[in-house]
Amino acid sequence: IRRTVLGESHRGWTPDPDEDRVAVCDGVVVGWVQVADAMPIDEIQKDCAWIQSIAVHPDYQDQGIGGALVQSVVEDAKESGVDGVACHLDPRGDRARREQFFRGLGFNSVSRTEPPIWWVETRGAGMPFPTRPEA
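How each quantity is defined
Numbers given to residues run from 1 along each chain, matching the order in which its sequence is written. pLDDT decides what is reported in this predicted model: residues at 70 or higher carry local features, side-chain atom pairs at 80 or more are listed and counted, and totals for whole chains, interfaces and linings draw on all residues regardless. The side-chain numbers reported here are obtained from all heavy atoms of the structure, hydrogens and water having been left aside. Take the buried Ala, Val, Leu, Ile, Met, Phe, Trp, Tyr and Cys residues and link them wherever side-chain atoms come within 4.5 Å; each set so joined is a nonpolar core. Only protein chains enter the calculation, and the probe is 1.4 Å; a residue is then buried if its accessible area is under 20% of its type maximum, exposed if over 50%, and partly exposed in between. Only runs of H or I of at least four residues qualify as helices and only runs of E of at least two qualify as strands under DSSP, and these elements are numbered from the N terminus. A contact between two residues is defined here by any heavy atoms of the two lying within 4.5 Å. To estimate the expected span of a helix, count its residues, drop one, and scale the result by 1.5 Å.

Q: Can you help me understand the nonpolar core in this one?
A: Among soluble globular proteins, nonpolar side chains are generally buried collectively. With 22 residues, the main nonpolar core has Ile51, Val70, Val85, Cys87, Phe102 and Phe107 as its most contacted residues. Those elements giving two or more residues to this core turn out to be strand 2 (28–41), strand 3 (46–56), helix 2 (65–80), strand 4 (84–88) and strand 6 (117–121). Here this core takes six residues from helix 2, the largest share from any one element. Other than its neighbours up to four places away in sequence, Cys87 contacts Trp50, Ile51, Phe102, Phe107, Pro116, Ile117 and Trp118. Counting residues in each nonpolar core, the second largest holds seven residues, with Cys48, Ala86, Ile117 and Trp119 among its members.

Structure follows, in structure tokens:
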């Protein structure tokens, strides 16, 4: 998946059930999300799960697989009590499409870094972190 979608391999990678999730169709892995344990993120001063990488095989994109993988990370973050889930958007490819994908899942851009950090709150109805003004 990583080589097909991102153009790079991840030598020796095997899924880690505590950090990775895969989507399987007819016995074949068609999607994958890699998650780091809860960690503080300096730009937002909150503990969060961090999505390291996400990929869905091109033949299976636009079917809700990526969204379901990310939602599983968000649900686990809610259950574990961390403040939210964060990620960087890969600067390669169609940035607008990735932004639309994450916005549709409730994420907002919260940093001035490049690429920016995207964040979704998972703890109650507290004050959400302010979004970054659009340029």
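So that's the structure; there's more coming.
Q: Could you clarify how one ought to interpret unusual backbone geometry in this entry?
A: Excluding glycine, residues mostly carry a negative phi; peptide bonds, for their part, are mostly trans. Positive phi, close to 55 degrees, is recorded for Asp26, a residue that is not glycine. Its relative accessible area of 75% is what places Asp26 among the exposed residues. Here the phi dihedral of Asp62 falls at roughly 65 degrees; this positive angle occurs in a residue that is not glycine. Structurally, Asp62 can be placed in the loop between strand 3 and helix 2. Take Asp62: its relative accessible area is 70%, and that puts it in the exposed class.

Q: Explanation requested: helix 2 in the structure shown.
A: Residues spaced three or four apart along an α-helix face the same direction, because each turn holds 3.6 residues. End to end, helix 2 covers 23 Å across 16 residues, agreeing with the expected 22 Å (1.5 Å per residue, within 8%). Those residues of helix 2 that fall on the buried side of the exposure criterion are Ile65, Gly66, Gly67, Leu69, Val70, Val73, Val74 and Ala77. Gly81 sits one or two positions beyond helix 2 and adopts a positive phi of about 90 degrees.

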